[in-house]
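# Summary of the model geometry
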Amino acid sequence: MEKQKSFSVKPIKFLVSSFTITFSIIFVVFCFTWVFTSPASIHLGAQNLGVESSEGFGNTSSDKINSISLDENYVGGGNSSSSHAAAAADVAAGSQGSLLTANSSSTPFGNSNNILFVDGVNVSESTKPTVEAVNVDGKVEELSGVVEVDEREDSSNSSSVPFGNNSNLFVDGVNASDSTKPTVEVVNVDENVEELSGVVVEGVSSERGDSSIRSSVGDGKSKVGCDVTRGHWVYDESYPLYTNATCPYIDEGFGCESNGRLDKGFMKWRWQPHDCDIPRFNASNMLELIRGKRLVFAGDSLNRNQWESMLCLLMGGVRDPKKVYEARGRKITKERGNYRFKFEDYKCTVEFYVSHYLVHESKARLGKKKGQTLRIDTMDKGSSRWRGADILVFNTAHWWNHQKTKAGINYYQEGNQVYPRLDVTTAFRRALLTWASWADKNINPQKTRTFFRSSAPAHFSGGQWDTGGHCGEAFRPLNETFTSVYPEKNLIMEEVLRKMKTPVTFLNITRLSDYRPDAHPSIYGRKTINRGAQDCSHWCLPGVPDIWNELLYYHLQSQGKAIL
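Keep in mind that this is a model prediction, so the values were computed, not measured. (Residues numbered from 1 in each chain as written. Predicted model: local features only at pLDDT ≥ 70, side-chain atom pairs only at ≥ 80, totals over all residues. Heavy atoms only, no water.)

## Topic: the packing of aromatic side chains
Throughout the structure, instances matching the rule amount to 20 aromatic pairs. Ring centres of tryptophan 400 and tyrosine 412 lie 6.1 Å apart, and the angle between their planes is 10°; this geometry places the pair in the stacked category. Placement of tryptophan 400 in the loop between strand S22 (391–394) and helix H6 (403–407) and of tyrosine 412 in strand S23 (residues 412–414) is noted, with a sequence separation of twelve residues between them. By the burial criterion, tryptophan 400 is buried, and tyrosine 412 matches it. Of the aromatic side chains, those joined through ring pairs into one cluster are Tyr357, Trp399, Trp400, Tyr411, Tyr412 and Phe428. Across the ring face of tyrosine 239, the terminal group of arginine 280 is positioned such that the distance to the ring centre comes to 4.8 Å. Here the guanidinium or amino end of arginine 516 rests over the ring plane of tryptophan 233, the centre of that ring lying 4.6 Å away. (Phe/Tyr/Trp six-rings, centres within 6.5 Å; stacked < 30°, edge-to-face > 60°. Helix = DSSP H or I, 4+ residues; strand = E, 2+ residues; numbered from the N terminus. Buried < 20%, exposed > 50% of the residue type's maximum accessible area, 1.4 Å probe, protein only. Lys NZ or Arg CZ within 6 Å of the ring centre and 35° of its normal.)

Take a look at the structure:
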């Protein structure tokens, strides 16, 4: 019996040992197979987000992003690769950025099911969404899935210009990089607005999918849309919006058609920005915008050019022309400088006050004689009439090109001192600072919307206005390949506006007007044609100033709700 029992135990032990060894071999083989064939992401587990500079999102169905691409070829200002790496490290650490996920049901700025458009692109449906992040100093970085916020120091002394390559962000000609309180608007399709600090990203959806970059200048209330200064002229048979026959307020100097100009093509061009549409001027809507208010133009004869254009445009929305009249019964001529037109049905006024320099034209004793001077430290005596207006449109530049102002000899005055010689650029800056100081003291930004229009180009060839200059040979706009030097006076305007407490919109019409040598009165600036004297600085009406007013209308529509 003992032999039989011990004999039966051995086979059982052998079977158990064999099974254990076999199972162990299978397990080891399985583990090795799993280790060598499984994806790398499984081993990384819940590690921190990695940043790679050479790969984009790729094709992924994960709700998490494993890599963020920094496109080194699209960084404004020529940032080095080391700066890219630093930016990537900051994003990875989560110290500066906000993360946009490629396949997530929530938007990057709070939980929402709304679609976000960035530069006209539906980011929520893109497999490789990109966002342009405009830093405070205007540098643009394109990040795949990342909005990087970067606050930098003020660069208000920059000499860069808005045309060509530069490192500053210009908003309608204003360098918004120098704003002391930069803000961000992220506008979703349902027009909900969220604000961040230091960068501007805006997405606005429309039928065309247009979008724009917005920034704030001054106190953050004066916001502007897309860069309407960059575009081209489009021939449009539906223009002009009025004629010399339908508008009785065009004075002789601007009434080219009435003065015998036969070609009508110059009236049929409209301005088309590259990145968006501006609304066609709607007289009825504009009259409602200014109902019960004062719209005031103050400046030189080019501002009168724009003011007359505004009167003519508004007449298109008036039912009874007899209820529009000048308050003192004055007829518009270039000899008289102050006008106040009432629109009785709308209880509003559209006014013009001449002020060539915005500062005081005076006289001072120079030796034994008195001579004309320009008090660059004192406001124009008529400035009291501008107070209390609801919309103010200023300009000055044209008269600063005259011989006396350019020479600056015994002409510029501060206090009792008449400078024997003063550079016109210095004098222009000081005059604008005088105006800016007045504006900061006398304009209530809660009531008044303020604009400053840029310089309008002249197109004299073969001389100047008083030396036989001409422009009558131009019949079409110049194409987009045309380039010119951006006026130094505009740069000074921008510099001064940036330092003001009062928010002022810089209405930059220089570039778009520079394409239009065909639109000046030329020899048709008077009923008796004098071919020896041509006007190549003012503008025919209808014509280019109508577009200046369309831009004004665009800004008032876009931003007027907070003030008007």
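Additional details are given in the paragraphs that follow.
## As for the pairing of strand S19 (residues 348–354)
Two faces, one strand: in a regular strand the side chains alternate between the faces of the sheet. With respect to burial, S19 is a largely interior element, six of its seven residues being buried. Summarising the sheet, strand S16 (residues 294–299) and S19 pair through six bridges and their orientation is parallel. Note that in S19 the partner of leucine 295 across the bridge is valine 350. Hairpin connection from strand S18 (residues 338–343) to S19: four residues lie between these consecutive antiparallel strands, with lysine 347 at a positive phi of about 50°. (Pairing = 2+ DSSP bridges.)

## Some remarks on helix H5 (residues 301–315)
Between the first and last C-alpha of H5 there are 21 Å, a value that for 15 residues agrees with the 21 Å anticipated at 1.5 Å per step. Counting buried positions along H5 yields 15 of 15 residues, so the element is predominantly enclosed. (Expected span 1.5 Å × (residues − 1).)

## Some details on the pattern of salt bridges
Here the idea is simple: oppositely charged side chains can pair when their charged atoms come close. One pass over the full model with this rule turns up 17 salt bridges. Here aspartate 236 and arginine 270 are joined by a salt bridge, their closest N and O atoms 2.9 Å apart. Of the two residues, aspartate 236 sits in the loop between strand S14 (231–235) and strand S15 (269–273) while arginine 270 sits in strand S15, which places them 34 residues apart along the sequence. The class of arginine 270 is partly exposed, set by a relative accessible area of 24%. In this structure, the salt-bridge partner of glutamate 308 is arginine 304, at a minimum N-O distance of 3.1 Å. Here arginine 304 and glutamate 308 lie together in helix H5, a separation of four residues that amounts to about one turn. In this structure arginine 304 comes out as buried when scored by relative accessible area, which is 6%. Linked by salt bridges that have partners in common, Asp251, Arg304 and Glu308 make up one network. (Salt bridge = Lys/Arg side-chain N within 4 Å of Asp/Glu carboxyl O.)

## Some words on the state of the cysteines
Following the criterion strictly, the structure yields four disulfides and no others. A disulfide bridge connects cysteine 226 with cysteine 276, and the sulfur atoms are separated by 1.8 Å. Of this pair, cysteine 226 sits in the loop between strand S13 (222–223) and S14 while cysteine 276 is found in the loop between S15 and helix H4 (283–289), placing the two residues 50 residues apart along the sequence. As far as the burial class goes, cysteine 226 and cysteine 276 line up, both buried. Here cysteine 247 is linked by a disulfide to cysteine 312, with a sulfur-sulfur distance of 1.9 Å. Handedness of the cysteine 247-cysteine 312 disulfide follows from its S-S torsion of about -75°: it is left-handed. Here the residue cysteine 247 occupies a position in the loop between S14 and S15, and cysteine 312 occupies one in helix H5, the gap between them amounting to 65 residues. Among the cysteines of the protein that take part in disulfides, numbered as they appear in the sequence, the pairing is 1-4, 2-5, 3-8, 6-7. (Disulfide = S-S within 2.5 Å.)

## Some points on the sheet that holds S18
With mixed pairing, the seven strands of this open sheet are ordered in space as S17-S18-S19-S16-S22-S25-S26. The open sheet has two edge strands with one neighbour each: strand S17 (324–326) and strand S26 (504–507). Strand-to-strand, the axes of this sheet are offset by a mean angle of 15°, without reference to chain direction. Pairing of S22 with strand S25 (residues 449–453), which is carried by four bridges, proceeds in the parallel orientation. Looking at the pairing, phenylalanine 394 lines up with phenylalanine 452 of S25. In this fold helix H8 (residues 488–498) packs onto S25 and S26, with an angle of close to 165° to the strand it touches most, S26. (Axes fitted to C-alpha atoms, helices over the stretch in contact; angles between N-to-C directions. Contact = heavy atoms within 4.5 Å.)

## Quick word on the sheet that holds S23
Taking strand neighbours across the sheet as the criterion, the four strands line up as S20-S21-S23-S24 in an open arrangement whose pairing is mixed. The sheet is open, and its two edges are formed by strand S20 (359–366) and strand S24 (417–418), each paired on a single side.

## Regarding the confidence of the model for the protein
Scored by pLDDT, the protein comes out at a mean of 73, with 62% of its residues at no less than 70. Scored below 50 in pLDDT, residues 1–7 makes zero contacts in the model with residues more than four places away or belonging to other chains. Scored below 50 in pLDDT, residues 40–224 shows 336 contacts in the model against residues more than four places distant or in partner chains. (pLDDT = per-residue confidence, 0-100.)

## Some remarks on the environment of glycine 382
Structurally, glycine 382 can be placed in the loop between strand S21 (369–379) and S22. In the structure, glycine 382 is positioned 27 residues away from serine 355 in sequence and 7.8 Å away in space, judged by C-alpha atoms.

## Some details on the nonpolar core
Ranked by internal contacts, the top residues of the largest apolar core, which has 56 residues, are Phe343 and Val350. Those elements that provide at least two residues to this core are S15, H4, S16, H5, S18, S19, S22 and helix H10 (544–559). Those residues in contact with phenylalanine 343 that lie beyond four places of it in its chain are Leu287, Leu311, Leu314, Met315, Val318, Lys323, Val324, Cys348 and Val350. Counting 38 residues, the second-largest nonpolar core is a separate cluster that includes Ala298, Leu358, Ala431 and Val504. (Core = buried A, V, L, I, M, F, W, Y, C linked by side-chain atoms within 4.5 Å.)

## Quick notes on the environment of alanine 245
For alanine 245, the location among the structural elements is in the loop between S14 and S15. Alanine 245 sits ten residues away from glycine 255 along the chain, and the two C-alpha atoms are 9.9 Å apart.

## Describing the packing of helix H7 (residues 424–442) against H8
Two numbers describe a pair of packed helices, the interaxial angle and the distance between the axes. Closest axis-to-axis distance for the H7/H8 pair is 10 Å, and the angle between their directions is 35°. In the packing of H7 onto H8, the handedness of the crossing is right-handed. Here H7 contributes Thr425, Phe428, Arg429, Leu432, Leu433, Trp435 and Ala436 to the contact with H8, which in turn contributes Glu488, Lys489, Ile492, Met493, Glu495, Val496 and Leu497. In terms of residue class, the contact of H7 with H8 is built from nine nonpolar, one polar and four charged. (Left-handed = near helix turned anticlockwise from the far one by under 90°. Nonpolar A, V, L, I, M, F, W, Y, C, P; charged D, E, K, R; others polar.)

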